Amino acid sequence: MAEAADFQGTSPSPARRWLRRTTALVAGAPLLAGLVQLPAAGPAHADGQPSAKADGDAGSVAVAVDSLTPSAPTDGDTVTVSGTVTNNGKQTVTDAHVGLRLGPEVNTRSAVDAIAKDGDDLQGSIPPEIDDKYTEKFSKLTPGVAEHFNISVPVDDLDLGDDGVYEFAVSLSGETSAQPWERVLGIQRTFLPWQPDEAGTTTKTTALWPLVSTTHMAAETGPNEEQTPVFLNDDLAEEISPGGRLNQMVTLGKDLDVTWVVDPDLLASVDAMTGNYSVRDGDKTVAGTHQDVAKQWLADLQDAVADEEVISLPFADPDLASLAHNGTDVTGSLSQLKSATDVIHNTVDPILHVKPSTDFAWPVDGAVDRSIVKVATSAGADKVIARSDSLQETSGLPYTPSAARPVGGGTTAVVADSRLSTAFEGDLTDASASTLAVQRFLAQSLSLNLQTGKQRSVVIAPQRMPSGSQARAMAEALRALQDGTWSESQKLSAAAAAKPDPDATTKVPSASAYPASLRKQELPRSAFVQIARTQDALDNFKVVLSDPSRVATPFGRALNREMSASWRGRADEAKSFRTGVKEYLDGLTGRVRLIDKSETKLSGRSATIPVTVQNNLVQDVGPLVLRLTSTNPTRLEIDGADYEEQPISVSGGHSQSVKFTTSANANGRATVIAQLYTMDGRAYGDPVTFDVKVTEITATVMLVIGGGVLLLVLAGFRMYTQRKRAAARDAEKGEAGDAEAAEDREDGPENPEGPGGRLNEESDARPRAGDPEQPSDPTPDTAAENADPSGTGERVDR
């Protein structure tokens, strides 16, 4: 903000306060005259203390203002200040007391910054103590020991002047054995906003309340029908549990008049936790156990945002500046931003039961240039949340203009005030730091309101992921502001629609003006190249699946997460996440593959070669195209050509073989390549290469085989004639035996057990070796066809 914007306007005070101030000035005139007549004796403090430059013990006592209530007092209030004083020196401080000091009115916003910067400096001007009765005394302060103080003073005794911001300080005065006289040994300056009556013109203030987190979900899901989500860690459960950062954001925000800014990824992640989910634990996953916590947080959030304005960022809060500077020349990068925007209503509406606005884009820290604005609006947003330290005033306005600025092309830049937006950065875990931040915020807000009689719209866009202590300080300041007398709350959409100040700058800075510190944290171009490659692999994978939604949704959202602004400052973690997504996708893709084949022998001029496709996914795949190509078609042809293609579909968890007809034209070895393709002609997976050894059957071999067959036929004929002759001889012997038996019967009684009286039926019934095969003999079993991959030296079907 230009220094001219710190011009301080005035507002008339009530008559009674004017009279009281005038009386105080008249009463102090003799004292001022006496001070003017004093001889110049070197630098002195406003309260008559020696210069701190000559005091070796100056600053030896740390003063911490842990609480100042009320933050913005009005008539009739009593200001209570509490905190601690700690002797950090080596000598004991004696006859010490804590006093309150009121300085002059602070006339500009830059003066507020200067006082806050040197809040504990003893070398500058020190205001006088208010009154001895508003002190707390200590007989001694031992080195290293902190002492608590609590002082209350009626506002009427502060003798505040016109409406405005006043320097307010707490000091510790005392003496040491080395310098036995009273002097200020420690001080802490802050501010006291004074606007007891309703301001004639109030500032319309919009405060953004962001619900944004880092990436918590992996692309991996369970193989079951429900696709159990997998979380990278259990950090999100900690954030939404009571006392956690996001839990505090919801608890604090529900009592404030703010505009909620949400990341759909956060909502989707917590919603996934309400059911069964898993959490990575090293190389394994364990079942998540925080379903109740997730349900309660969502219920509290739904209650908090009911009837409130909700602004939704694109899914996973993509880093617009990184995309603009490093990703626009990578094919498909802008499409990722579009997909992250399109999914908003399918995420936010069903979870929060409110319809969010998608009109706003929010670059990191509100830093913009022309390329960022172009990218930010490419997915449909027509308003960009910038910040005044990026879109700076150049026209010399003596006040801070309204937030809305038309920047061309139908785009509105909503410029947040940088001083108010950055008031709660840094470590605010200490109560004193939090109190000082609150008072400085209120001082800046009141100073801004007093700059001019024009009503303006001001936007506060804090850091994206405030800590718990930062959130508490923000909430305390906003409550004081919303209960105050110089500001009124306004929604972001109203601030964006407000009439722009005609003198405010509308020129968006060039890319060279983008802060170098922020540019160092951007995602590199290599990140967008890797994202594009993963997207190509995903597109190739989806077309072969019977249910592509099982991978399209988890991987699509994972790709959005790879572009998140939350990776800033975490380059190694960002790269690891991108690599993990790609490796997991490659692993799934590899579950549909061709089975390796060894060398195949082809004995003959034609045969069929089987090629097997294995599907280890839980869902069916196909149709795919399996192509078998001969690299030497003059020796080996596939179905009479260089190659043959056949469609194939494989059920989940199964394998399927396809047979290709081949014909050999010459002896030798031919290399064959099997490759899967999608229906649109893109190669899928790795090819399988194997050799086919062709052995031609020559005329000599055929002659030898023919001779062997002839010998077998002749041998069979000879065996047949021999058996026929033997049968004739047996028949003649049988007739002679019958005649002899008849003679025996005539000679005597039957003797069944006598010689020749029993036939050897078993021996006669058994077929003898060499007997011809009878038509009733059983058919020999044949081995079942084996669809498994061919082994080494396998022979294929002919």
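Here, the structure is the one placed above.
Fair warning: this is a prediction, and the values are worked out from it, not measured in the lab.

A. Just the overall build of the protein, in detail. Looking only at helices and strands, one finds 20 helices and 30 strands in the protein. Across the 798 residues that make up the protein, the buried fraction comes to 46%. Look at the contacts in the protein between residues 6 or more apart in sequence, and 78% of them connect residues 24 or more apart. For the protein, the accessible surface area stands at approximately 38600 Å², while carbon and sulfur atoms represent 51% of it.

B. A look at the packing of aromatic side chains. On inspection of all chains with the given rule, the structure shows four aromatic pairs. Measuring from ring centre to ring centre gives 5.3 Å for Phe424 and Phe441, while their planes differ by 40 degrees; the resulting arrangement is tilted. Note that Phe424 is positioned in the loop between helix H11 (418-421) and helix H12 (431-449) and Phe441 in helix H12, a separation of 17 residues in sequence. Here the aromatic rings of Phe555 and Tyr584 are separated by 5.6 Å at their centres, their planes lie at 20 degrees, and the arrangement is stacked. With Phe555 in helix H17 (residues 549-562) and Tyr584 in helix H18 (residues 571-589), the pair connects residues that are 29 residues apart, well separated along the chain. Using a relative accessible area of 23% as the deciding quantity, one classes Tyr584 as partly exposed. The ring of Phe690 carries the charged tip of Lys597 above its face, separated from the ring centre by 5.4 Å.

C. A negative patch on the surface, seen in detail. A cluster of acidic side chains, namely Asp95, Asp131, Asp132, Asp157, Asp159 and Glu182, defines a negative patch on the protein surface. Inspection of the secondary structure puts Glu182 in the loop between strand E6 (164-175) and strand E7 (183-194).

D. Representation of the pattern of salt bridges in the model. Under the definition given, this model contains 23 salt bridges. Two residues, Asp417 and Arg109, come together in a salt bridge whose shortest N-O distance is 2.8 Å. Taken together, the residues Asp417 in the loop between strand E18 (411-416) and H11 and Arg109 in helix H2 (residues 109-117) connect sequence positions 308 residues apart. Residue Asp417 is classed as buried on the basis of its relative accessible area of 4%. A residue is classified by how much of its surface remains accessible, and Arg109, at 1% relative accessible area, is buried.

E. Fine view of the sheet that holds strand E21 (residues 592-594). Within the open sheet, the four strands sit side by side as E21-E23-E27-E25. Their pairing is antiparallel. The open sheet has two edge strands with one neighbour each: E21 and strand E25 (636-638). The mean angle between the axes of side-by-side strands here comes to 30 degrees, regardless of whether they run parallel or antiparallel. Bridge analysis of E25 against strand E27 (residues 655-664) gives three bridges, and the strand direction is antiparallel. Looking at the pairing, Ile638 lines up with Thr662 of E27.

F. Examining the packing of helix H8 (residues 333-342) against H17 more closely. Relative to each other, H8 and H17 sit at 115 degrees, their axes nearing to 10 Å. As summarised for this structure, H8 and H17 are arranged roughly perpendicular, according to the angle between their axes. Along this stretch, H8 crosses H17, giving a crossing that reads as left-handed. Where H8 approaches H17, its residues Gln336, Ser339 and Ala340 are matched on the opposing element by Arg557, Leu559 and Asn560. Looking at the contact of H8 with H17 residue by residue, the class counts come to two nonpolar, three polar and one charged.

G. Here's a closer look at unusual backbone geometry. For the peptide bond that leads from Thr69 to Pro70, omega is -10 degrees, which places it in the cis range. In this structure, Pro70 sits in the loop between strand E1 (61-69) and strand E2 (78-87). At the junction of Gly622 and Pro623, the peptide bond is cis and its omega measures out at 0 degrees in the coordinates. On the secondary structure map, Pro623 appears in strand E24 (residues 621-630).

H. Region of the structure containing the nonpolar core. Membership of the largest hydrophobic core comes to 75 residues, with the highest contact counts inside it found for Phe541 and Leu626. In terms of residue count, the dominant contributor to this core is helix H16 (residues 525-542) (six residues). Not counting residues within four places of it along the chain, the set of residues in contact with Leu626 comprises Leu594, Val611, Val613, Glu644, Glu645, Gln646, Ile648, Val658, Phe660, Gln675 and Leu676. Judged by nonpolar contacts, the second largest core, of 64 residues, contains Leu252, Leu298, Val348 and Leu448.

I. Expanded view of the sheet that holds strand E16 (residues 383-387). Across the sheet, four strands lie side by side as E15-E16-E18-E17; this open sheet has mixed pairing. Edge positions in the sheet fall to strand E15 (360-361) and strand E17 (404-408), since each of these pairs with one other strand and no more. Relative to E18, E16 runs parallel, the two being bridged by five bridges. Within the sheet, the bridge partner assigned to Ala386 lies in E18 and is Val415.

J. Representation of helix H4 (residues 245-253). Among the nine residues in H4, eight count as buried, and that is most of the element. Those residues of H4 that are buried lie in contact with strand E8 (203-211), helix H3 (235-240), strand E11 (259-262), helix H5 (264-273), helix H6 (291-305) and helix H13 (468-482).

K. How the structure looks around the environment of Arg370. Along the chain, the position of Arg370 falls in helix H10 (residues 370-376). Separated by 139 residues in sequence, Arg370 and Pro509 place their C-alpha atoms 6.4 Å apart.

L. Main features of H17. Taking 1.5 Å per residue, 14 residues should reach 20 Å; H17 reaches 20 Å between its end C-alpha atoms and fits that length. Buried residues of H17: Arg550, Val551, Pro554, Phe555, Gly556, Arg557, Ala558, Leu559, Asn560, Arg561 and Glu562, and no others. The inward-facing, buried residues of H17 abut strand E9 (217-221), H5, H8, H16 and H18.

M. Up close: the pairing of E27. Here strand E23 (residues 606-615) pairs with E27 via nine bridges, running antiparallel. Within E27, the residue paired with Ala607 across the bridge is Thr662.

N. Main features of the side chain of Ser60. Mapped onto the fold, Ser60 is located in the loop between helix H1 (15-37) and E1. If we skip the residues at most four places from it in the chain, Ser60 touches Thr86, Asn87, Asn88, Gly89 and Leu185.

O. Representation of the packing of H12 against H13. The interhelical angle for the contact between H12 and H13, taken along N-to-C directions, is 35 degrees, at an axis separation of 9 Å. You can see that H12 and H13 cross each other, and the crossing is right-handed. In this structure, H12 uses Ser434, Val438, Phe441, Leu442 and Ser445 to contact H13, whose residues at the interface are Ala473, Glu476, Ala477, Leu478, Ala480 and Leu481. For the contact of H12 with H13, the residue count by class is eight nonpolar, two polar and one charged.

Reading the values: the criteria
- Counting restarts for each chain, with residues numbered from 1 along the sequence as it is written.
- For a predicted model such as this one, the threshold for reporting local features is a pLDDT of at least 70, and the threshold for listing and counting side-chain atom pairs is 80 or more; totals across whole chains, interfaces and linings nevertheless cover every residue.
- Working from all heavy atoms in the structure, the side-chain values ignore hydrogens and water.
- Think of it this way: any DSSP run of H or I at least four residues long counts as a helix, any run of E at least two long counts as a strand, and we number them from the N terminus.
- Partly exposed residues are those whose accessible area sits between 20% and 50% of the maximum for their type, while under 20% is buried and over 50% is exposed, using a 1.4 Å probe and protein chains only.
- Throughout, a contact is declared for two residues whenever any of their heavy atoms are within 4.5 Å.
- Note on areas: these come from Shrake-Rupley sampling with a 1.4 Å probe, and a residue is covered only by the protein chains present in the view.
- Pairing of aromatic side chains requires ring centres within 6.5 Å, counting the rings of Phe and Tyr and the six-membered ring of Trp. Pairs whose planes differ by under 30 degrees are stacked, by over 60 edge-to-face, and all others tilted.
- In this analysis the charged atom, NZ for Lys or CZ for Arg, is taken to sit over a ring once it is within 6 Å of the ring centre and within 35 degrees of the ring normal.
- To count toward a patch, a residue needs a relative accessible area above 30% and no salt bridge. Like charges then connect within 9 Å, nonpolar side chains (Val, Leu, Ile, Met, Phe, Trp, Tyr) within 5 Å.
- The working definition used for a salt bridge is a side-chain nitrogen of Lys or Arg within 4 Å of a carboxyl oxygen of Asp or Glu.
- When charges are counted, Lys and Arg are positive and Asp and Glu negative, with His and the chain ends excluded.
- To locate a charge, take atom NZ for lysine, CZ for arginine, CG for aspartate or CD for glutamate.
- Two strands are said to pair when DSSP picks up at least two bridges between them.
- Axis definition: a line fitted to C-alpha atoms, over the contacting stretch in the case of helices. Angles run 0 to 180 degrees between N-to-C directions.
- Should an angle fall under 35 degrees it is called roughly parallel, over 145 degrees roughly antiparallel, and 65 to 115 degrees roughly perpendicular, with every other angle called oblique.
- Crossings are assigned a handedness: left-handed for a near helix turned anticlockwise from the far helix by less than a right angle, right-handed for a clockwise turn.
- Note on residue classes: Ala, Val, Leu, Ile, Met, Phe, Trp, Tyr, Cys and Pro are nonpolar, Asp, Glu, Lys and Arg are charged, and everything else, Gly too, is polar.
- By nonpolar core we mean a set of buried residues, namely Ala, Val, Leu, Ile, Met, Phe, Trp, Tyr and Cys, connected to one another through side-chain atoms within 4.5 Å.
- A helix is expected to span 1.5 Å for every residue after the first.

Structural measurements only, silent on function.
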